[in-house]
Structure formats: structure tokens, C-alpha cells
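Residue-level structural notes
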Amino acid sequence: MATPGHLTIRNVSKTYSLPGRPLVNVLSRVNLDVEPGAFVTIVGPSGCGKSTLLRLIIGLDYDYKGEIELNDKRIVGTALSRGIVFQDHRLLPWLTLEQNIGLSLENSGWTRAEKDLAVREHIALVGLSGFEKAYPHELSGGMAQRAAIARGLASRPEILLLDEPLGALDALTRIHLQDEIQRIWEVEGVTMILVTHDVEEAVFLSNKVVVMAAKPGRIVETLDIDLPFPRDRADPAFVALKRRILTAMGEDGGKTATRAA
Amino acid sequence: MSHTSDTIEAAAVEAATVDLPAHAEAPGRRGLQLPNLTGFILPFIILVLWQTAATYKWIDPVFLPAPLTVVTAFWKMLTKQKLAFDFLASINIVGQAFIYGSAAALLLGIAAGLSRKVEEFFGPTFDTIRHIPGIAWLPLIVLWLGIGAPAKILVIAKSVFFPVFLNTLQGIRNVEKNYIELAKVLTLTRWQLIRKVILPAAMPSIMVSLRYAAGLAWALVVVAEGLSGLEGLGFLIFRAQGLLLTDQLLVCMVIIGLVGFAIDRSMFLAQKRVLKWKQGYDG
């Protein structure tokens with residue numbers, strides 16, 4: 001089982017400059033503490049910097065001010081201790097499902113047998129046993145996204161980042177996969193950070209919901225969600241939390257934010 | 001936990017109802033099917049017209065001998081003359097030219113695709129050489145290497161080289177940035193990135209160019225042999241024209257056409273095999 005990571009983000013700012021245009025504050029003094037094993041969701045309107053924040057955490061972008069630490073160690077570049085699931089499943093079309101997941105273990109330093117076992121276990125974890133030899137084009141959108149989750153978890157990272165992983169799926173598949181992510185998080189015990197537009201998804205899955213606003217990209221509210229799992233989407237407490245988050249997004253993000261939600 | 005079993009059921013339902021296409025083994029099965037006969041209709045009609053034209057003497061037999069005469073000529077060339085030898089001479093030239101040309105193109109194409117410096121180094125020179133047709137090179141090369149096979153191999157290899165080189169380069173440059181990013185996230189080394197991501201991603205473009213180049217090489221060998229040398233199908237064609245042996249001329253033309261067809265089909269099958277992961281490939 002993965003050791004859950006403790007993520008600390010301190011005073012992180014990032015600016016972005018396009019020639020001939022004023023400097024954009026993508027992120028302004030963001031502070032966030034993610035407890036080991038927590039499920040934290042970041043919601044906010046487009047352009048609030050939530051995906052940028054994930055790119056900083058995964059290590060694809062180093063150009064920022066402030067500190068990001070995983071287990072008290074400053075993150076440097078990408079590492080197998082930090083996994084990510086993108087909005088597009090990003091499975092390589094020329095590799096089978098098991099090869100795609102195995103690709104994340106190329107540099108794990110594990111033996112062949114350990115790798116095979118991890119691949120098999122994670123395919124089973126996401127409910128895709130029997131599809132090991134299938135190519136990505138033979139999988140539905142939902143199955144491909146499950147495979148991407150398996151790939152993100154196979155190297156047993158300390159933290160898994162989910163960048164709008166269900167954004168491109170239809171409503172029904174999305175609900176199935178929300179259940180799945182909730183189950184996988186409980187089984188694996190790994191720290192997860194989800195970025196989404198979907199407020200219901202945020203309340204359904206998280207211990208903590210972070211609301212961000214744009215211009216400059218910043219955190220405007222942090223809510224703890226104490227409802228027991230599994231959660232009932234129709235529960236009045238659930239609905240009330242949803243409304244609170246929507247309000248937080250609306251007040252600070254303007255009309256576009258409410259619509260985006 | 002009833003919840004967990006619910007979700008697993010949901011997963012099973014999803015897995016069962018989603019469109020895992022039944023054609024997972026389709027490529028193999030397709031290969032074993034009876035050949036589709038639609039493509040034989042037109043050749044049959046041409047043959048019938050040809051025979052009719054010969055029977056009713058619409059055209060002087062010197063210019064268009066009857067199909068049977070051509071078959072007889074084929075048999076004569078095969079048994080009394082050395083058609084097989086000439087055929088193999090042509091195949092040998094094309095085979096070697098294709099292998100050398102495409103191997104060099106893949107090597108340099110990959111190098112140039114991976115490094116802008118390499119591309120900049122070769123770019124201007126290659127773009128100039130590329131625009132001098134192979135046939136224009138032949139006289140000079142023949143002066144250097146004589147009228148034997150090596151000159152033709154070199155000239156055809158040159159014509160094979162450029163389409164494969166350019167497509168390899170472009171195929172590599174067109175690799176989705178997202179995949180490169182994924183490779184970074186998975187901490188792949190440069191070599192792993194090239195082997196697992198860049199080359200497979202460039203493969204469709206490379207395979208198309210190999211197929212094109214193989215056909216081109218076969219077409220060019222006839223020209224090259226016609227222009228210089230004393231053997232090969234191209235030589236036979238021009239000799240037959242000079243001697244007014246129209247039946248032998250037609251024999252050579254039919255062989256060239258059929259071999260070209262076979263080359264293209266086998267390249268297509270190779271392409272299909274290499275790219276079996278590709279969606280919608282069956283068209």
C-alpha cells in the first residue's frame with residue numbers, strides 16, 4: 001500500500017507574461033496544507049489557476065515563487081512518488097492496456113515480477129480485468145479513464161493528482177467513476193488532489209474543498225466536508241454544502257463562475 | 001461494504017455494455033477471407049476487349065498481339081530466353097536500393113527529427129539534392145560506377161531516401177506534446193521516450209512513406225534499366241521495342257504491373273501489421 005504523502009504549499013505565486021500584454025497573476029500567494037491520506041478538491045472558474053497549481057505540484061512547471069513540499073521535501077521535477085490523471089486519458093494508442101500501465105513502472109527499480117503484479121493488481125482495482133491486451137481505441141471513454149487512474153496509481157505514489165479526470169465523460173459514466181474514485185481512495189489510502197468544475201463531484205469525494213477565484217488566481221475559501229462516506233447526493237446537508245460552495249464561487253468569481261459550476 | 005459491491009456491479013455493467021468492439025481479432029480474420037472479387041471485374045473486361053480486338057483485327061497484330069500470343073511469348077522467354085534472370089536482376093536492384101535507401105533515411109530522419117541541429121546541418125544540402133531527379137543523376141553515376149547494378153542501386157536508393165527521410169522527420173516532429181509531457185511525468189529517460197513514445201508515434205507516417213517508396217523504386221528500376229545496362233525487365237522492354245517484339249514488350253509490362261501490385265499489397269499488409277493498434281485503420 002502506498003504511503004500517503006503530506007503536501008504543503010506555501011506562498012506560491014506564478015506570473016505569466018505574453019509579449020505586448022500586461023503580466024497575468026496566474027497564482028497569487030496560495031497556501032494549502034494537504035494532510036496525509038486526505039482527499040482535497042480544488043474548484044473554481046476557468047482561469048483561476050487550479051490546473052496550473054497541479055502542474056506545479058506534478059513538477060511539469062518549475063517557474064514559480066514560494067514553496068511546494070511533499071513530506072517536508074521540496075519537490076523537484078517529476079517523480080514516481082507523484083502520479084497524475086489528465087482530463088484526456090492520455091493512454092498511448094500503440095500500447096495495450098497492461099503495457100500502458102507498465103510504462104509508469106519503467107523506472108520504478110522493481111523486479112519484473114513486482115511490476116507484473118502491480119500492473120495486474122491495479123487493473124483489477126479499476127475493474128478492467130480481462131481487458132489487459134486491449135488497445136486504447138477498443139476501450140470506452142470511461143474504461144480509458146479507469147486505465148489512466150490505474151496507471152497513475154501503479155507506481156504506488158504518495159499523492160495522486162486528478163486534473164478534471166471526468167470532465168470529458170457523459171453524466172452517467174461520470175457518476176459511476178465518482179463512486180469508483182471514492183472506493184479506490186479508501187482502498188489505497190493515498191493522498192488525492194482533484195481539480196474539477198463539478199461542485200457536486202467535489203462534495204461527493206472530498207474531505208476538504210478549496211474554492212479558487214481568478215484574476216489573480218487565489219484561494220478564497222476552504223471548506224471541510226465532514227459527511228460520512230459513502231455520501232448521498234440528495235442528503236440536505238450535502239445539498240447545503242453544495243450551495244455554500246456555489247455561493248463562494250459566485251461571489252468571488254462573478255457570473256461566469258456560477259455558469260461554469 | 002454494500003457500497004463497494006454496488007460500484008463493482010456498476011463497473012461490471014459498464015464494462016459489459018460499453019462498446020468493446022467485437023473486431024478485436026478482425027485484422028487476422030479479414031486476411032483469411034475469400035478475396036473480394038470486385039477488383040477482378042475490370043481486368044476481365046479489359047482482357048475480353050483485348051481478345052475481341054485481336055480476333056476481329058481491329059488493330060494490327062504488330063502493335064497489339066492477341067493475349068494468347070503474349071502468353072506464348074512469356075513461355076518462350078521463360079524457357080528459351082533468360083526472363084527469370086532478368087526478372088531477378090530487377091528485383092535484386094530494387095530490393096537492395098529499397099533497403100539501403102530506407103535504412104539511411106530512417107537513420108538520418110530519426111536523427112534530424114530528434115535534433116534541430118542535425119536537421120539544420122543536412123537541410124539545405126538535402127533539399128537541393130532532392131530536387132535533382134534520380135534519372136538526372138544516372139548519367140553521372142554511370143560514368144563513375146559503370147552500367148552495372150551499383151549505379152542503378154545508388155540512383156534508386158536516392159529516390160527511396162527522400163520520401164522516407166522527410167516523413168520520418170515530420171512524423172517525429174508531429175508527436176503530440178501531451179505524450180512528451182506524459183513521458184516526463186512517468187520519468188522516462190530520453191532513450192525510453194524515443195523507443196516507447198516518439199518512434200511508435202511516428203510509425204504511421206514512416207509506414208506510409210515506405211509503401212510509397214517501395215512502389216517508386218519498382219517503377220524507377222524499369223527506367224534505369226532502360227537507360228543503361230544489358231539486363232533486367234527495363235532493358236527487355238526497350239530491346240523489345242527496338243526489335244518490334246510487341247508480344248515480349250507486353251509480357252514485360254504485365255510482369256511489371258503485377259509485381260508492382262504485389263509489392264504494394266505486401267507493404268500494405270506490413271503497414272497493417274505494424275499499425276494494428278490504430279483505430280479505424282480498416283477504413
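Residues numbered from 1 in each chain as written. Chains lettered and ligands numbered in written order. Predicted model: local features only at pLDDT ≥ 70, side-chain atom pairs only at ≥ 80, totals over all residues. Heavy atoms only, no water.

Our working definition: UniProt positions are given in the numbering used here, feature names are shortened, and annotations may be inferred rather than shown by experiment.
Per an unreviewed UniProt entry, chain B goes by the name Sulfonate ABC transporter and belongs to Xanthobacter flavus. Recorded in UniProt for chain B, the comment headed Subcellular location (unreviewed entry) runs: "Cell membrane".

Identification of chain A as Sulfonate transport system ATP-binding protein from Xanthobacter agilis is taken from an unreviewed UniProt entry. Taken verbatim from the UniProt record of chain A, the Sequence similarities (unreviewed entry) comment is "Belongs to the ABC transporter superfamily."

1. Considering the overall build of chain A
Applied cut-off: Secondary structure follows DSSP: runs of H or I at least 4 residues long count as helices, runs of E at least 2 residues long count as strands, and numbering of each begins at the N terminus. The atom set for the radius of gyration is the C-alpha atoms, and the globule formula is 2.2 Å times the number of residues raised to the power 0.38. Note on exposure labels: buried denotes an accessible area under 20% of the residue type's maximum, exposed denotes more than 50%, and partly exposed covers the range between, all computed with a 1.4 Å probe on protein chains only. Residue contacts follow a heavy-atom distance rule, with two residues in contact if any of their heavy atoms lie within 4.5 Å. Residues counted as positive are Lys and Arg, residues counted as negative are Asp and Glu, and His and the chain ends are not counted. To locate a charge, take atom NZ for lysine, CZ for arginine, CG for aspartate or CD for glutamate.
The secondary structure content of chain A amounts to seven helices and 10 strands. By the compact-globule yardstick of 18 Å for 261 residues, chain A fits well, its C-alpha radius of gyration being 18 Å. Considered along the principal axes of its C-alpha atoms, chain A spans approximately 50 × 45 × 35 Å. Buried residues in chain A amount to 54% of all 261 residues. Across chain A, the fraction of contacts at a sequence separation of at least 24, relative to all contacts at a separation of at least 6, is 70%. Taking the average location of the 30 positive side-chain charges in chain A and that of its 33 negative ones, the two points are 6 Å from each other.

2. Points about the environment of Thr191(A)
All names here are of chain A. Defined as follows: Pairs of N or O atoms within 3.5 Å make up the polar contacts considered here, provided that, within protein, one atom can donate a hydrogen while the other can accept it, and that residues adjacent in sequence are counted only when both atoms are side-chain atoms.
Tracing the backbone through its elements, the reader meets Thr191 in strand 8 (residues 191-196). For the pair formed by Thr191 and Leu241, sequence separation is 50 residues and the distance between their alpha carbons is 22 Å. There is a polar contact of 2.7 Å between the side chain of Thr191 and the backbone oxygen of Gly5.

3. Let's talk about a nonpolar patch on the surface
Residues and elements named next belong to chain B. So the rule is basically this: Put simply, a patch holds well-exposed residues, over 30% relative accessible area, that have no salt bridge, with like charges counted together within 9 Å and Val, Leu, Ile, Met, Phe, Trp or Tyr side chains within 5 Å. Accessible areas in this description were obtained via Shrake-Rupley with a 1.4 Å probe; residue shielding takes into account the shown protein chains only. When a carboxyl oxygen of Asp or Glu is within 4 Å of a side-chain nitrogen of Lys or Arg, the pair counts as a salt bridge.
Judged by side-chain polarity, Ile41, Leu42, Phe44, Ile45, Ile46, Val48 and Leu49 come together as a nonpolar surface patch covering roughly 690 Å² of accessible area. One can find Val48 in helix 3 (residues 38-55). The exposure class assigned to Val48 is partly exposed, which follows from its relative accessible area of 40%.

4. Quick word on the UniProt feature "domain: ABC transporter" (unreviewed entry) in chain A
Taken from the UniProt record, the annotation "domain: ABC transporter" (unreviewed entry) applies to residues 7-239 of chain A. As annotated, residues 7-239 of chain A comprises 31% helix and 27% strand, and the C-alpha atoms at either end are separated by 29 Å.

5. Regarding the UniProt feature "domain: ABC transmembrane type-1" (unreviewed entry) in chain B
Annotation from UniProt places "domain: ABC transmembrane type-1" (unreviewed entry) at residues 87-267 of chain B. Measuring from the first to the last C-alpha atom of residues 87-267 of chain B gives 20 Å, for a span that is 88% helix and 0% strand.

6. A look at the side chain of Ser206(A)
Residues and elements named next belong to chain A. Here Ser206 is to be found in the loop between helix 6 (199-205) and strand 9 (208-213). Residue classification places Ser206 among the buried residues on the basis of a relative accessible area of 0%. Only 2.5 Å separates the side chain of Ser206 from the side chain of Thr41, close enough to count as a polar contact. When neighbours within four sequence positions are excluded, Ser206 is seen to be in contact with Phe39, Thr41, Ile225, Phe229 and Arg231.

7. Considerations on the side chain of Thr8(A)
Turning to its location among the elements, Thr8(A) is positioned in strand 1 (residues 7-16). The residues contacting Thr8(A), other than those within four sequence positions of it, are Leu32(A), Asp33(A), Glu67(A), Ile68(A) and Glu69(A).

8. Some thoughts on helix 9 (residues 177-185) of chain B
For helix 9 of chain B, the complete set of buried residues consists of Tyr179(B), Glu181(B), Leu182(B), Ala183(B) and Val185(B). If you follow the buried residues of helix 9 of chain B, they end up packed against helix 1 (50-58), strand 6 (82-85) and helix 4 (141-154) of chain A together with helix 10 (190-227) of chain B. Two residues or fewer past helix 9 of chain B, Thr187(B) is found with a positive phi of approximately 55 degrees.

9. A look at the sheet that holds strand 6 of chain A
Pairing between the strands of a sheet is mediated by backbone hydrogen bonds and can be parallel or antiparallel. Residue and element names in this part refer to chain A. How we decide: Between any two strands, at least two bridges found by DSSP are needed for them to pair. To get an axis, fit a line to the C-alpha atoms, keeping to the stretch in contact for a helix; angles then go from 0 to 180 degrees between the N-to-C directions.
In space, the six strands of this open sheet follow the order 6-7-8-3-9-10, with mixed pairing throughout. Each of the sheet's edge strands pairs with one partner strand only, and the pair in question is strand 6 and strand 10 (218-224). Averaged over neighbouring strand pairs, the angle between their axes works out to 20 degrees when direction is ignored. Pairing analysis gives four bridges linking strand 6 to strand 7 (residues 159-163), with the strands arranged parallel. Across the sheet, Gly83 pairs through a bridge with Leu160, a residue of strand 7. Along the sheet, helix 4 makes contact with strand 6 and strand 7, crossing strand 6 at roughly 175 degrees.

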